[in-house]
Structure formats: structure tokens, C-alpha cells
Amino acid sequence: DPGRKTEVVLLACGSFNPITNMHLRLFELAKDYFHETGKYKVIKGIISPVGDAYQKKGLISANHRVTMAKLATKNSDWVEVDDWESSQSEWLETLKVLRYHNQKLLSPDATNSVEDAVPLTKLGRKRKQEPNRHEPVKKKNHSPDIKSVPQVKLLCGSDMLESFGIPNLWKLEDITEIVEKHGLVCISRAGNNAQKFIYESDILWRHKNNIHLVEEWITNDISSTKIRRALRRGQSIRYLVPDVVRTYIEKNNLYSPESEDRNAGVVLAPLQKLASDSKN
């Protein structure tokens, strides 16, 4: 039925150190893109800041980063912040965060989530085998223009896509499962190399139908790194981050030459993990 739309949830993982107007724009661009295809309905955006165990240089405490993200999305009616990932004591692979949010959608009371997910798949299988018997039931239960289970897609800037090429940062099977089972929405600057990058990777090429490249014509080059640099130098960041975020940073005096040296010389958690995995 061409009238039926697939529901999509956009998940953005990252440091959000601090969250900027660019991060928020990514959601808007992706939503416009999906709605313009006529096939999808974006029902929610989720910002999931990375936990402190990621150990990236200059990463300030998750508590502050989550608070800023919440302030930034306070008046959005569809983008929210989830602190599940950031409250874990260990660093989690992005795939695990995707799976968690996928599971949460399948069974909102995550307490008995695994058991709840089982009948759903069985039901789906049965319906495929005997289409006629289940057809009328289906019509009654579901709103006619929405496919039942929302898809969680990973929302990323072109930098994340290109980080797939950094040796040992990502597990190959993780990248495969992300693009195969979930999907990527990549916001790329007009004329950027995202397409070339997909072309040069066999895994990404094989699943390119699950990778949505969204052209960003109104370019936005704000990065958290540049924001922190301006703050260290006592320069204004107004109009680059939401005002509530700017106020919070000033009030708590968050970014300084000292905070930028946090985790200096520490190997990034995913690189540590993969190094120890390959030894075993």
C-alpha cells in the first residue's frame, strides 16, 4: 500500500561537548528529508550523549553534557535527550545503544523487554505465511497509513561516516549490523565526499539503500571543538549554541584550558577495547 508510511526514530550518538546549533540542525534536516520522500514519518529524535568512560580528550562530565542537551531541546516537541548511555559505567558500542532504543520501542516497559519482543516476531512470521487470514485483523488494529514497528536510524554528520574508516575504531560486524538492520542517515555538506566514501567501502556499498545521504545546502560549520576553543580564549559563542546553553556554560565556567587537558594521553575507550579483544 503506497499510502503507508514507515515510522522513523532518529538517534544521534556523540559527545555533545557542548551541544551546538549544528547538532540541533541535523535533526531538522533529516526530518525534512524523510518527509519529502513521502514514505516516512519521523516520530521522534533522541540525543544520546556518550558516557565519561569514552575518555576522549577534553570531554567534560556527562552530567553537564546531558543537562545542556536537555536545556537545548526543552522547547522541541519531538527531540528528546536520553541519558541511559551516559549513565553506564563502561563505554558502550554505538550498536548496543541502537539495539537498546530499538528494544525500548518494541516493549516500552523495558523491565521484561526481551520476553515481550518474542511474540511480535512470531506474529509477523505467521502473518507472512497466511496473509488472507490475518489481513482483516491487521486493518482493524493499526492505523491504516503507518507500518507497525518504527525503525531506529542512526543520525550522523559526515565525520561519523568517515570515522568508519579509522582502523580499530569500529568493529566491522558492528558497522554491518548498523547499516543492515537499522540504517544510517548522514547529513553531508553539499559536494562532500560521503558518496565517494560509501563507494570505497564494500560493506557500505552493499547496504547503500539503507544509508540516507542528506545534502546540507545551508552549510553549518559549527563544531564543539571550535566552540571550546572560543571559550578558552574568552570569545563569544552567542548564536552558535542555544542561549540557554551559553548561559549554563558561563554560570558553571565549564570550558577552560584545564578541562581541555582532561584525558590527555589516554587511549580512546573503543581503541583500548579492540586492542584487548585482539590480544585474547
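An unreviewed UniProt entry annotates the protein chain as Nicotinamide-nucleotide adenylyltransferase of Smithornis capensis. Looking at the protein chain in UniProt, the text filed under Sequence similarities (unreviewed entry) is "Belongs to the eukaryotic NMN adenylyltransferase family." What the UniProt record of the protein chain gives under Subunit (unreviewed entry) is the line "Homohexamer. Interacts with ADPRT/PARP1."

Which parts of the structure should I look at to understand the environment of Leu274?
Counting through the fold element by element, Leu274 comes out in helix α13 (residues 269-279). Spatially, the C-alpha atom of Leu274 lies 7.8 Å from that of Leu169, the residues being 105 residues apart in sequence.

How should I be thinking about unusual backbone geometry in this particular structure?
Most peptide bonds take the trans configuration, and most residues that are not glycine carry a negative phi. Note that the residue after Asn17, namely Pro18, is joined by a cis bond; omega there is 0°. Unlike most non-glycine residues, Asn168 shows phi in positive territory, near 70°.

Is there a simple way to explain the packing of helix α2 (residues 62-73) against helix α11 (residues 243-252) in this structure?
For any two helices packed against each other, the geometry is given by the interaxial angle and the distance between the axes. Running from N to C, α2 and α11 point in directions that differ by 150°, and their axes come no closer than 8 Å. Between α2 and α11, the crossing angle belongs to the class labelled roughly antiparallel. Regarding α2 and α11, the two cross each other, and that crossing is right-handed. Contacts between α2 and α11 pair His64, Thr67, Met68, Leu71 and Ala72 from the former with Val244, Val245, Tyr248, Ile249 and Asn252 from the latter. In terms of residue class, the contact of α2 with α11 is built from seven nonpolar, three polar and no charged.

What should I look at first to understand the pairing of strand β1 (residues 5-14) in this one?
Successive residues of a regular strand alternate their side chains across the two faces of the sheet. In terms of burial, β1 is a largely internal element, eight of the 10 residues being buried. Across nine bridges, the pairing between β1 and strand β2 (residues 40-49) is parallel. From the neighbouring strand, Cys13 faces β2, where its bridge partner is Ser48. Read as a crossover between parallel neighbours, the route from β1 over helix α1 (residues 21-37) to β2 is right-handed.

In this structure, what is going on with the packing of helix α3 (residues 94-106) against helix α7 (residues 172-182)? I would like to understand it.
Where α3 contacts α7, the two axes come as close as 10 Å, and the packing angle between them is 30°. When the axis of α3 is compared with that of α7, the two are roughly parallel. Remark: the crossing between α3 and α7 carries left-handed chirality. The segment α3 lies against α7, with Leu95, Leu98, Arg99 and Asn102 engaging Asp174, Glu177, Ile178 and His182. Its residues placed into classes, the contact of α3 with α7 shows three nonpolar, two polar and three charged.

Quick question: what am I supposed to make of the packing of aromatic side chains here?
By convention here, two paired aromatic rings are described through the distance between centres and the angle between planes. Going through the model one piece at a time under the given rule, you end up with seven aromatic pairs. On the numbers, 3.7 Å between centres and 0° between planes, the contact of Trp84 with Tyr100 is stacked. Of this pair, Trp84 sits in the loop between β3 (79-81) and α3 while Tyr100 sits in helix α3; the two residues are 16 residues apart in sequence, bridging distant segments of the chain. Arranged with centres 6.1 Å apart and planes meeting at 85°, the rings of Tyr199 and Trp205 form a pair that is edge-to-face. Take Tyr199: its relative accessible area is 56%, and that puts it in the exposed class.

Conventions and cut-offs
- Residues numbered from 1 in each chain as written.
- Predicted model: local features only at pLDDT ≥ 70, side-chain atom pairs only at ≥ 80, totals over all residues.
- Heavy atoms only, no water.
- UniProt positions renumbered as here; feature names shortened; annotations may be inferred.
- Helix = DSSP H or I, 4+ residues; strand = E, 2+ residues; numbered from the N terminus.
- Axes fitted to C-alpha atoms, helices over the stretch in contact; angles between N-to-C directions.
- Parallel < 35°, antiparallel > 145°, perpendicular 65-115°, else oblique.
- Left-handed = near helix turned anticlockwise from the far one by under 90°.
- Contact = heavy atoms within 4.5 Å.
- Nonpolar A, V, L, I, M, F, W, Y, C, P; charged D, E, K, R; others polar.
- Buried < 20%, exposed > 50% of the residue type's maximum accessible area, 1.4 Å probe, protein only.
- Pairing = 2+ DSSP bridges.
- Right-handed = clockwise from strand over helix to strand, strands pointing away.
- Phe/Tyr/Trp six-rings, centres within 6.5 Å; stacked < 30°, edge-to-face > 60°.

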